[in-house]
Amino acid sequence: MADRPGDQWDRRVANGLAFLRRRLAGDYEVDEFGFDPELTDAVFHPLLRLLYRDWFRTEVSGVEHVPVDGPALVVGNHSGTVALDALILSAALHDKHPARRYLRLLGADLVFRMPVVSEIARKTGGTVACNPDAERLLGGGDLVGVFPEGFKGIGKLYADRYKLQRFGRGGFVSAALRTGTPIVPVAIVGGEEIYPMLADIKPLARLLKLPYFPVTPTFPWLGPLGMVPLPSKWLIEFCPPIPTAHLTDSADDPLVVFNLADQVRETIQQTLHTLLERRPDPFGP
């Protein structure tokens, strides 16, 4: 029988009440890192879905390069003044991947020192960007996401958009080598335009103990309204995986680590150029 008017809403209300009862009763599971899949699916991903699908009009390609099961290290470019790109990547990958896989993001220490933000990061599957945690996740068969540019990537000026910053010491490569995990480079276009950073007020950043204090066309001039991201057009492309199983004995070889990190960086940079040619207008349809 066809649903009567209102049946769909009745089910939604019933499901919502059941969800609240489970949460209040503590009838849900988290893993050793604090990841809460139910809360992620019910609350965080629907909010991010509105952003990546409707606001940023995101197009995702190359998902077939992400393994259906087993571990992989997903390495992306970082940008945008506020690290929305990591969250958008996580939600888009989960929605577009045939196995609906979760991306376990590695975040900077600062993220896990901030009240509320640290709790959200843990609940959505994040953990501190350190090799032991990365290796434990990869050893457990998870997809792990890392942005080696760190704050240098998200805090760069708009004039330097889509120019990859240095990849640090290549710790992510060592984690992949020790676990024999394939590395999947991913290029993200669109993040640079959401909060175009025109200047960095360094004295204020030092006073507030922040890596930078951004000045954008809307912030701090419009106050809280300046935190609304501009509706840029996003393109995300996953590149073919780079195997590492044959290099497990070279995890401590600086030359091997550097060359592999440079290969990943160059792959992402070239893919960014290709995507930018495909998207000539940052705010187009």
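Just so it is clear, the model here is predicted, and its values are computed rather than measured.

(A) Representation of the overall build of the protein within the structure. Secondary structure summary: the protein contains 9 helices and 9 strands in total. Relative to a compact globule of 285 residues, whose C-alpha radius of gyration would be 19 Å, the protein shows 20 Å and is just as compact. Taking the principal axes of its C-alpha atoms as reference, the protein extends roughly 65 × 50 × 40 Å. With 285 residues in all, the protein has 45% of them scored as buried.

(B) Seen up close, the side chain of Thr 181. Structurally, Thr 181 is set in the loop between helix H7 (171–179) and strand E6 (183–189). In this structure the side chain of Thr 181 is engaged in a polar contact, spanning 2.7 Å, whose partner is the side chain of Thr 179. What Thr 181 contacts, discounting residues up to four positions off in sequence, is Pro 71, Ala 72, Leu 73, Leu 138, Ala 176 and Thr 244.

(C) Seen up close, the pairing of strand E2 (residues 72–76). Of all the 5 residues making up E2, 5 are buried; the element is thus mostly covered by neighbouring parts of the structure. Here E2 shows no split at all, with Ala 72, Val 74 and Gly 76 on one side and Leu 73 and Val 75 on the other all buried. Here E2 runs beside strand E5 (residues 143–146); their pairing, made up of 4 bridges, is parallel. Paired with Val 75 across the two strands is Val 146, which belongs to E5.

(D) Expanded view of the sheet that holds strand E3 (residues 103–107). The mixed open sheet is built from 7 strands, whose spatial order is E1-E9-E6-E2-E5-E3-E4. Two strands bound the open sheet, and with one partner strand each, they are strand E1 (59–61) and strand E4 (127–128). As judged from the 4 bridges shared by E6 and strand E9 (residues 235–238), these two strands associate in the antiparallel manner. Across the sheet, the residue bridging to Val 189 is Leu 235, located in E9.

(E) Expanded view of the packing of helix H5 (residues 131–139) against H7. Following both chains from N to C, one finds H5 and H7 inclined at 40 degrees, their axes separated by 9 Å at the closest point. Relative to H7, H5 is oriented so that their crossing is right-handed. Between H5 and H7, the residues in contact are Asn 131, Ala 134, Glu 135, Leu 138 and Gly 139 and Gly 171, Phe 172, Ser 174, Ala 175, Ala 176, Arg 178 and Thr 179, respectively. Broken down by class, the residue content of the contact of H5 with H7 amounts to 5 nonpolar, 5 polar and 2 charged.

(F) Fine view of the packing of H7 against helix H9 (residues 254–278). One can describe the packing of H7 onto H9 by two numbers: an axis separation of 9 Å at closest approach and a directional angle of 110 degrees. With respect to each other, H7 and H9 are oriented roughly perpendicular. The residues of H9 that touch H7, namely those facing Phe 172, Val 173, Ser 174 and Leu 177, are Val 256, Val 257, Leu 260, Ala 261 and Val 264. Taken together, the residues of the contact of H7 with H9 sort by class into 8 nonpolar, 1 polar and no charged.

(G) Seen up close, the confidence of the model for the protein. When the pLDDT values of the protein are averaged, the result is 90; 93% of them are 70 or greater. Looking across the protein, the model is least confident in helix H1 (residues 7–25), with a mean pLDDT of 69, and most confident in E9, with 98.

(H) Here's a closer look at the pattern of salt bridges. Applying the stated criterion across every chain yields a total of 14 salt bridges. Asp 95 is the salt-bridge partner of Arg 100, the closest N and O atoms lying 3.9 Å from each other. One salt bridge in this structure joins Arg 278 and Glu 237, with 3.2 Å as the shortest N-O distance. Pair noted here: Arg 278 is in helix H9 and Glu 237 is in strand E9, with a separation of 41 residues, a long-range link. On the basis of relative accessibility, which here comes to 22%, the residue Glu 237 falls in the partly exposed class. Here the salt bridges share partners, and the residues they tie into one network are Glu 32, Asp 133 and Arg 136.

(I) Quick peek at the nonpolar core. Ranked by internal contacts, the top residues of the largest apolar core, which has 30 residues, are Leu 73, Val 75, Phe 172, Ile 183, Val 264 and Ile 268. Counting residues per element, the ones that place at least two in this core are E2, H5, E5, H7, E6 and H9. Looking at this core, the element that brings in the most residues is H9, giving 7 residues. Excluding residues within four positions of it along the chain, Phe 172 makes contact with Leu 73, Val 75, Asn 131, Val 146, Pro 148, Phe 167, Ala 261 and Val 264.

How each quantity is defined
Residues numbered from 1 in each chain as written. Predicted model: local features only at pLDDT ≥ 70, side-chain atom pairs only at ≥ 80, totals over all residues. Heavy atoms only, no water. Helix = DSSP H or I, 4+ residues; strand = E, 2+ residues; numbered from the N terminus. Rg over C-alpha atoms; globule rule 2.2 N^0.38 Å. Buried < 20%, exposed > 50% of the residue type's maximum accessible area, 1.4 Å probe, protein only. Polar contact = N/O pair within 3.5 Å; in protein donor to acceptor, adjacent residues only side chain to side chain. Contact = heavy atoms within 4.5 Å. Pairing = 2+ DSSP bridges. Axes fitted to C-alpha atoms, helices over the stretch in contact; angles between N-to-C directions. Left-handed = near helix turned anticlockwise from the far one by under 90°. Nonpolar A, V, L, I, M, F, W, Y, C, P; charged D, E, K, R; others polar. Parallel < 35°, antiparallel > 145°, perpendicular 65-115°, else oblique. pLDDT = per-residue confidence, 0-100. Salt bridge = Lys/Arg side-chain N within 4 Å of Asp/Glu carboxyl O. Core = buried A, V, L, I, M, F, W, Y, C linked by side-chain atoms within 4.5 Å.

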